[in-house]
Amino acid sequence: KNVRKMTSLYDAPKVLISISLACGSWRDFFNGILRYVDKHANWDIRITHEPGDLLSEHIDELECNGYDGIILATPGKIDFGRLCRSSIPLADCGGWPKLRCRKKNIVHLFGDNTGIGTLGARHLLGRGRCAIYGFVRSRFDMEWSHTRQSSFIETVLAAGRKATFYELPAGRTQGEDISNIRDWLVSLPKPAAIMADCDQRAAQVIAACRDGHLSVPEDIAVLGVDDDAFFTLHTKPQISSVIPDHAKLGYSIAAELDKLIKSTKSSSIPKQLCIHPKGIAVRASTK
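Residues numbered from 1 in each chain as written. Predicted model: local features only at pLDDT ≥ 70, side-chain atom pairs only at ≥ 80, totals over all residues. Heavy atoms only, no water.

Visitor: Describe helix α6 (residues 143-158), with residues and values.
Guide: Under the 1.5 Å per step criterion, the end-to-end length of α6 is 23 Å for 16 residues, consistent within 8% with the ideal 22 Å. For α6, the set of buried residues is S145, R148, Q149, S151, F152, I153, T155 and V156. Here the buried face of α6 lies against α5 (113-125), β6 (132-136), β7 (163-165), β8 (192-196) and β9 (220-225). In the stretch just after α6, G160 is the one whose phi turns positive, near 80°. (Helix = DSSP H or I, 4+ residues; strand = E, 2+ residues; numbered from the N terminus. Expected span 1.5 Å × (residues − 1). Buried < 20%, exposed > 50% of the residue type's maximum accessible area, 1.4 Å probe, protein only. Contact = heavy atoms within 4.5 Å.)

Structure (structure tokens):
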């Protein structure tokens, strides 16, 4: 019996998951993957733990070592051209435009960033009339952040209200960035309502409010995304947050990759799936 178990483990599909588990959202995502694997698959999972590089030589090694699948969540440096030429089934969770040229054995699955921005705007619009509604992206230039900002601004303007966003200063340190956010917040007409693209950024906005002697939520209402308890429950005041369904995202991406791995034919039609947010956790920062 033990020999049979060992044999099944050696025969299990080998899957690389390029992911950082430093934040709660990615840990929820990873739990979703594990929930699917525990129920429906017998994968030999290898994890990078920190953003891992996928350069040409690394992808060569994966192919030589018989890897059966890759989940690309939070990678480091990527050779997109080499990854597009690889035949290893690939699950893309980042929506990288350079992966769109790959036409076989790939699935794109991502959170509904348009829906997240829209839901956030509607929540702040429903809190009472503010003089202006603003959006703050992360310091890193990410497509998902731009998408959330665009849908937020569009929703606010469609409601006939004033909208703005924080212009990211180029090449500044984090300390300088917080100072710039403080100055920007002070300059806004009050009361103002601000959505940040994630909870960590929302916590930085609240810190900038304190530096500018602005009250939250009386002067500035603040909304985050991810419902990451590390930030939402331990910031004063506690942060209201849009709740993406990260666990469902992980479960679904594992299910789709499993289909690619088990398929006897390579898929020539890239599949795209979108997981909608669950709702909003309302706390003191927007009350």
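Visitor: Summarise unusual backbone geometry; cite the residues concerned and give the values.
Guide: P191 follows K190 through a cis peptide bond whose omega is -5°. Along the chain, P191 falls in the loop between α7 (174-187) and β8. Of the consecutive residues V216 and P217, the connecting peptide bond is found in the cis state with omega at 10°. Relative to the elements of secondary structure, P217 occurs in the loop between α8 (199-211) and β9. Positioned with a positive phi, N105 is a non-glycine residue whose angle comes to about 55°. Mapped onto the elements of the fold, N105 is located in the loop between β4 (90-92) and β5 (106-111). Not every positive phi belongs to a glycine, and D226 is a case in point at roughly 120°. Along the chain, the position of D226 falls in the loop between β9 and α9 (229-232).

Visitor: Report on the sheet that holds strand β10 (residues 240-243), specifying residues and quantitative values.
Guide: Pairing is mixed in the open sheet, where 6 strands are placed in the order β7-β6-β8-β9-β10-β12. Because the sheet does not close on itself, it has two edges, and the strands there are β7 and β12 (279-281). Averaged over neighbouring strand pairs, the angle between their axes works out to 25° when direction is ignored. Pairing between β6 and β8: 5 bridges, direction parallel. Opposite V136, over in β8, you have A196 as the bridge partner. Along the sheet, α6 makes contact with β6, β7, β8 and β9, crossing β6 at roughly 175°. (Pairing = 2+ DSSP bridges. Axes fitted to C-alpha atoms, helices over the stretch in contact; angles between N-to-C directions.)

Visitor: Break down the pattern of salt bridges for me, with residues and values.
Guide: This structure, assessed with the given rule, holds 9 salt bridges. The network of salt bridges with common partners includes D60, E63 and R82. (Salt bridge = Lys/Arg side-chain N within 4 Å of Asp/Glu carboxyl O.)

Visitor: Can you tell me about the packing of α7 against α8, naming the residues and giving the values?
Guide: Contact pair α7 / α8: the axes reach a minimum separation of 8 Å and the direction vectors enclose 65°. Here the hand of the crossing between α7 and α8 comes out right-handed. Taking contact as the criterion, the partners of Q174, D177, I178, I181, R182 and L185 in α7 are, on α8, R201, Q204, V205, A208, C209 and D211. By residue class, the composition of the contact of α7 with α8 is 6 nonpolar, 2 polar and 4 charged. (Left-handed = near helix turned anticlockwise from the far one by under 90°. Nonpolar A, V, L, I, M, F, W, Y, C, P; charged D, E, K, R; others polar.)

Visitor: Now, about the sheet that holds β5: what can you tell me, with residues and values included?
Guide: Sheets are built from strands paired through backbone hydrogen bonds, the pairs being either parallel or antiparallel. Spatially, 6 strands are ordered β2-β1-β3-β4-β5-β11 in an open sheet, and the strand pairing comes out parallel. With one partner strand each, in any of the chains shown, β2 (44-47) and β11 (271-275) form the two edges of the open sheet. The mean inter-strand angle of the sheet, taken between neighbouring strand axes irrespective of direction, is 20°. Two strands pair when backbone bridges link them, and β4 and β5 are joined in this way by 3 bridges, in the parallel orientation. The residue bridging D92 from the neighbouring strand is H108, located in β5. Contacts from helix α2 (residues 24-40) reach β1 (14-18), β2 and β3 (69-72) within the one sheet, and its direction differs from that of β2 by about 165°.

Visitor: Account for the packing of α2 against helix α10 (residues 246-262), naming residues and giving values.
Guide: Closest axis-to-axis distance for the α2/α10 pair is 7 Å, and the angle between their directions is 45°. On the basis of the axis angle, α2 is oblique to α10. Of the two elements, α2 crosses α10, and the hand of that crossing is right-handed. Only H246, A247, L249, G250, Y251, I253, A254, A255, D258 and K262 of α10 make contact with α2, whose side of the interface consists of S25, D28, F29, G32, I33, R35, Y36, K39 and H40. (Parallel < 35°, antiparallel > 145°, perpendicular 65-115°, else oblique.)

Visitor: Give me the environment of F110: which residues, what numbers.
Guide: Summarising the element assignment, F110 is placed in strand β5. Distance in space between the C-alpha atoms of F110 and I261 is 20 Å, their sequence separation being 151 residues.

Visitor: So what's going on with the nonpolar core? Which residues, and what values?
Guide: Of all hydrophobic cores here, the largest spans 24 residues; its most connected members are I17, F29, I33, W43, I71, I253 and L257. Of all the elements in the fold, those that place two or more residues in this core are β1, α2, β5 and α10. In terms of residue count, α10 provides more of this core than any other element does, 7 residues in total. Leave out the neighbours within four places in its chain, and F29 touches I19, I71, A73, C93, H246, A247, L249, G250 and I253. Formed by 23 residues, the second largest nonpolar core is a distinct cluster that contains I181, W184, L188 and I206. (Core = buried A, V, L, I, M, F, W, Y, C linked by side-chain atoms within 4.5 Å.)

That is the geometry; function is a separate question.
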